[in-house]
Amino acid sequence: KGIEEPCPGLLSPVAKACCAAGLWQEARSIVRRMHRAAIRELQQDTGPPSMIVKGEFLAELPRLHRSLLKYCAKGGNITPALNFADDIQFLASKIRQHGRSLRGLKTREEESEAVLLSSRLLMDIETPDNVPETDFSNAGALHSILERPIGLTGQDWKLILIAASRGGHWKVCVGTLPFIRPYVKETHPMYARDFFPTESNLGRSRPSLARLNRKYDRIARALTAAILCFEARSQYAWAIRAIDDWVEWSGRRPRKEAVASACRVLAKRYRGQEVINLVARVMSIPEIRHSDDDAPDDDIDYTYEKALYTEAINALYKFGMYDEADQLYAEGAANGHLPWAVMEDSDASNLKLDLHG
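Scoring rules and cut-offs
Residues numbered from 1 in each chain as written. Predicted model: local features only at pLDDT ≥ 70, side-chain atom pairs only at ≥ 80, totals over all residues. Heavy atoms only, no water. Helix = DSSP H or I, 4+ residues; strand = E, 2+ residues; numbered from the N terminus. Buried < 20%, exposed > 50% of the residue type's maximum accessible area, 1.4 Å probe, protein only. Contact = heavy atoms within 4.5 Å. Axes fitted to C-alpha atoms, helices over the stretch in contact; angles between N-to-C directions. Parallel < 35°, antiparallel > 145°, perpendicular 65-115°, else oblique. Left-handed = near helix turned anticlockwise from the far one by under 90°. Nonpolar A, V, L, I, M, F, W, Y, C, P; charged D, E, K, R; others polar. Core = buried A, V, L, I, M, F, W, Y, C linked by side-chain atoms within 4.5 Å. Expected span 1.5 Å × (residues − 1). Arc of directions from axis to C-beta.

Peer 1: Could you give an account of the overall build of the chain, naming the residues involved and the relevant values?
Peer 2: Within the chain one finds 17 helices and two strands. Each of the 357 residues in the chain was classed as buried or not, and the buried ones make up 45%. Long-range pairs, those at least 24 residues apart, make up 68% of the contacts in the chain between residues at least 6 apart in sequence.

Peer 1: Now, about the environment of V265: what can you tell me, with residues and values included?
Peer 2: Mapped onto the elements, V265 comes out in helix α14 (residues 256–268). Note on V265: relative accessible area 2%, which makes it buried. Distance from V265 to Y236, taken between C-alpha atoms, is 5.8 Å for residues 29 residues apart in sequence. Excluding residues within four positions of it along the chain, V265 makes contact with F230, E231, S234, Q235, Y236 and A239.

Peer 1: Describe the packing of helix α9 (residues 170–185) against helix α12 (residues 221–232), listing the residues and the values that go with them.
Peer 2: The interhelical angle for the contact between α9 and α12, taken along N-to-C directions, is 155 degrees, at an axis separation of 9 Å. The angle between the axes of α9 and α12 places the two elements in the roughly antiparallel class. When you trace α9 past α12, the crossing you get is left-handed. Contacts from W170, C173, V174, L177 and I180 in α9 reach A222, A226, C229 and F230 in α12. A per-class count over the contact of α9 with α12 returns nine nonpolar, no polar and no charged.

Peer 1: Explain the nonpolar core to me, using residue names and the numbers behind them.
Peer 2: One finds F84, I180, I227, L278 and L328 to be the most contacted residues of the largest nonpolar core, which totals 87 residues. With nine residues, the top contributor of residues to this core is helix α2 (residues 24–44). Beyond its immediate sequence surroundings of up to four residues, I180 is in contact with G154, W157, K158, L161, I219, A222 and W246.

Peer 1: An account of α14 is needed here, citing residue identities and associated values.
Peer 2: With 13 residues, α14 extends 18 Å from end C-alpha to end C-alpha; this agrees with the ideal 18 Å at 1.5 Å per step. Along α14, the residues that are buried comprise A258, V259, A260, S261, A262, C263, V265, L266 and A267. Its buried side turned inward, α14 meets α12, α13 (236–250), α15 (272–283) and α16 (304–318). Y270 sits one or two positions beyond α14 and adopts a positive phi of about 60 degrees.

Peer 1: Before we move on, can you summarise helix α11 (residues 209–219) with the specific residues and values?
Peer 2: Restricting attention to buried positions, one finds in α11 the residues L209, L212, N213, Y216 and I219. The arc enclosing the buried residues of α11, seen along the axis, measures out at 130 degrees, which places them on a common side. Against the buried residues of α11 lie α8 (154–166), α9, α12 and α13.

As structure tokens, this is what we get:
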């Protein structure tokens, strides 16, 4: 407060230090101060594109937003995370209004009467199907700066999900998943140029499958966080719904940690057949191969299929559903994903089992 006009390079580390110390209100006041300065920079951007406008606050804010949400996710602090999200989305709405005013368009009525994100997620208000995105086109002299996302991105929604999961707020997880949907859908393999003729213009303009794989890997943890929260709160129905929706959006197998968590919560509620059905659905999804550079560092012997069958069988056995566990083992062994316990012997009248393999 003693400095009359502090620069964003000073305010940003102070806000991060406040978050690290748990001073959420102080951090939020600094963020709002920077947002007001960014809005003033927008208001100055009314001249020709050649006019020089620094936009220092607008350039600093995306990095600061991500850092603050990381602090919230690390400690499972969902309330400050949603408060920051409210402020970020308010700034994004101002940027949208600025872009529309430059093009001579009227402000949308739904933006002027928008429900706060924190209220929508904490009070079970239905998540809208069409989430407004920040429009950076025709943004005047600040166009190069505003090309970077100012509003909440897929990575930010992932951090909010992690914060909600660690705090045990399963209803917030349910409400947040629809917001991350467009970012998951854009990583679908059908959008890769690998599936289009190389000589077509449409194929050349699309991203490669390797790039989509990397983008998906950065966001895939969001589902795992949500399913772990559903498991902790025994919300087995939402766990199944989330996995089915994620498969539809991404066109990929969910992470094995997420499916294993869903199997555990189903087994805990003695729904053995649903565990078998879930494993069958996931296994029916074609595997998206990574390139050599993007291949995961997991143990080659402990494949996705082997891990999933093992976790599902362990969950079923733990809660006494031995018939369902035996059925899964037989399927896994028949498909070559699990080792066959019967040992070869020269004497056909003897049946030897390897109980240690």
